[in-house]
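Each chain is listed here by its residues.
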Amino acid sequence: MAERLNVRRDGNWIYDIVVESSYERLGEEIPALDTGNRKICIVTDSNVAPLYLDEVKEQVSKCCKKVETFIFPAGEENKNLDTVRTLYEFLIQKHFDRKDVLVALGGGVVGDLCGFAGATYLRGIRFIQVPTTLLSQVDSSIGGKTGVDFDSYKNMVGAFHMPSLVYASTSSLLTLSAEQFASGMGEIVKHGLIKNRDYYEWICEHADAIRERDLSVCEQLILVSCRIKRDVVEKDPTEQGERALLNFGHTLGHAIEKMMNFKLAHGQCVALGCLAAAHISAKRGMITDAEVDQMRKAFATFDLPVSIAGYGLDPNEVIQATKNDKKMEAGAIKFVLLRQVGEAYIDRTVTEAEMKEALEWLAGGTNER
């Protein structure tokens, strides 16, 4: 039985998030979008295509006039305007019009790129998210943020464009690499830290089952994280206020990601950024050092990095990279801190000295569990 969350804007239904154990019911969900006489293009990458493209294509074929597939080389380095341009050319050649539909089959790179193409091709066509990684299932597929990287600046070019459906199959978690699964846990732990202490503690208590990828536990994990993000997005769909809380760990995390040339996965960098932000929160007296230490242990439990030692990062260069982040506002960074575990807030007073001290603290630890 599918688990379903409704996403609304201004009280009006926009789309559903459906969590299933397989892709078998995808063909039952799409017809509600009136696609019977439309073309659908499945956009995916070279890693995901061999795993799920045939299965998803079989389901999608039941719901439309014709299915096309667009496969691009996997990797963050291909999440750029050049790939989008190639996709535009493909859609033009295949005569896609405004009533046709895109399907993003893959992780965050695929979802972000396909969503951006959907937002801008013919000034906007519908798209469906079929996220295959834990990170994309709980984070990037929800809320309509789309975009691509520009000259290694992450998601610098983008648009808000809500999907028409999000369909997540927990079965895809079984094919993820350890690094990909851990990356998703970086965002999941973040959700508990910013919005729900009980959820954060539940994650820690169920760490063994989560690490073993017990799908019944993972389903609950996905649902609660999706609910947290859904609730924030509904209140602030275009990030004018509260939605920025979801950026906890991202200010320094994105900068580390850029300085590492994306050699670390997004969720790994978020974990490091969360710890740095938690350290600043503790230095300001809002949370305790013991709570920060527990966070460090929680991230380490899920095989996430908890130190930047050995990465060759210069704190000053990381801080400089934050100045080109899209979260800058009137020359100040909207930094997210913790008032307490489970309650985050936006702070515009974090200094470069505080960031540098936090990065030096991160460099002082080890990544041993």
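What follows deals with a negative patch on the surface. Taken together, Glu24, Asp54, Glu55 and Glu58 make up a surface patch of like negative charges. Structurally, glutamate 24 can be placed in the loop between β2 (12-20) and α1 (26-29). The class for glutamate 24 is exposed, based on a relative accessible area of 58%.

So, on to the layout of surface pockets. Roughly 180 Å³ of volume is contained in the second largest pocket. Looking at the second largest pocket, the residues that line it are Glu76, Glu77, Lys79, Asn80, Leu81, Asp82, Asp149, Phe150, Asp151, Ser152, Asn261 and Phe262. The residue inventory of the lining of the second largest pocket, partitioned by class, reads 3 nonpolar, 3 polar and 6 charged.

Here we take up the packing of aromatic side chains. Enumeration according to the criterion identifies 6 aromatic pairs in this entry. Relative to phenylalanine 72, the ring of phenylalanine 70 has its centre 6.4 Å away and its plane inclined at 35°; by these criteria the two rings are tilted. A relative accessible area of 7% means that phenylalanine 70 is categorised as buried. On the accessibility criterion, phenylalanine 72 (2% relative accessible area) is buried. Feature note: the residues Tyr23, Tyr52 and Tyr167 constitute an aromatic cluster, connected by ring pairs. The ring of tryptophan 361 carries arginine 296 above its face, with NZ or CZ at 4.6 Å from the centroid. The cationic tip of arginine 339 hangs over the ring face of tyrosine 345; the distance from NZ or CZ to the ring centre is 4.4 Å.

Inspection of the secondary structure puts leucine 275 in helix α11 (residues 266-283). For leucine 275, a relative accessible area of 0% puts it in the buried group. Taking C-alpha positions, leucine 275 is 9.0 Å from serine 307, a pair spaced 32 residues apart along the chain. Excluding anything up to four places from it in sequence, leucine 275 contacts Val292, Met295, Arg296, Phe299, Val306, Trp361 and Leu362.

So, about the nonpolar core. Ranked by size, the top nonpolar core spans 80 residues in total, and within it Leu134, Met185, Ile203, Ile256, Met295, Phe299 and Phe335 carry the most contacts. Not counting residues within four places of it along the chain, the set of residues in contact with isoleucine 256 comprises Cys269, Leu272, Ile308, Leu313, Val318 and Leu359. By size, the runner-up hydrophobic cluster in this structure holds 23 residues, among which are Tyr23, Val48, Cys63 and Tyr167.

Time to look at the sheet that holds strand β6 (residues 126-131). Spatial ordering of the open sheet is given by β1-β2-β9-β6-β5-β3-β4, a layout of 7 strands whose pairing is mixed. Edge positions in the open sheet fall to β1 (3-9) and β4 (66-72), since each of these has one partner strand only. Between one strand axis and the next, the sheet turns by 20° as a mean value, whatever way the strands run. Bridge count for β2 against strand β9 (residues 165-169) is 4 bridges, and the pairing is parallel. Counted as the bridge partner of glutamate 20 is serine 169 from β9. Contacting β3 (39-45), β4 and β5 (101-106), helix α3 (residues 81-93) crosses the sheet at an angle of about 155° to β4. Most of the contacts of helix α4 (residues 108-120) go to β5, to which it runs at about 165°, and overall it touches β3, β4, β5 and β6.

Let us look at the packing of helix α6 (residues 178-195) against α11. Where α6 contacts α11, the axes come no closer than 7 Å and their chain directions differ by 40°. In terms of crossing hand, the pair formed by α6 and α11 is left-handed. Across from Glu179, Ser183, Gly186, Glu187 and Lys190 in α6, the residues of α11 making contact are His266, Gly267, Gln268, Val270 and Cys274. When its residues are assigned to classes, the contact of α6 with α11 shows 2 nonpolar, 5 polar and 3 charged.

Here is what the cut-offs are and how they apply
Residues numbered from 1 in each chain as written. Predicted model: local features only at pLDDT ≥ 70, side-chain atom pairs only at ≥ 80, totals over all residues. Heavy atoms only, no water. Patch = residues over 30% accessible without salt bridge, like charges linked within 9 Å, V, L, I, M, F, W, Y side chains within 5 Å. Areas by Shrake-Rupley, 256 points an atom, 1.4 Å probe, with all protein chains shown as cover. Salt bridge = Lys/Arg side-chain N within 4 Å of Asp/Glu carboxyl O. Lys, Arg positive; Asp, Glu negative; His and termini not counted. Charge placed at Lys NZ, Arg CZ, Asp CG, Glu CD. Helix = DSSP H or I, 4+ residues; strand = E, 2+ residues; numbered from the N terminus. Buried < 20%, exposed > 50% of the residue type's maximum accessible area, 1.4 Å probe, protein only. 1 Å grid on protein atoms, 1.4 Å probe; cavity = no way out; pocket = protein on both sides within 12 Å on 5 of 7 lines; lining within 4 Å. Points joined across faces, edges and corners; volume = space filled by probe spheres on them. Nonpolar A, V, L, I, M, F, W, Y, C, P; charged D, E, K, R; others polar. Phe/Tyr/Trp six-rings, centres within 6.5 Å; stacked < 30°, edge-to-face > 60°. Lys NZ or Arg CZ within 6 Å of the ring centre and 35° of its normal. Contact = heavy atoms within 4.5 Å. Core = buried A, V, L, I, M, F, W, Y, C linked by side-chain atoms within 4.5 Å. Pairing = 2+ DSSP bridges. Axes fitted to C-alpha atoms, helices over the stretch in contact; angles between N-to-C directions. Left-handed = near helix turned anticlockwise from the far one by under 90°.

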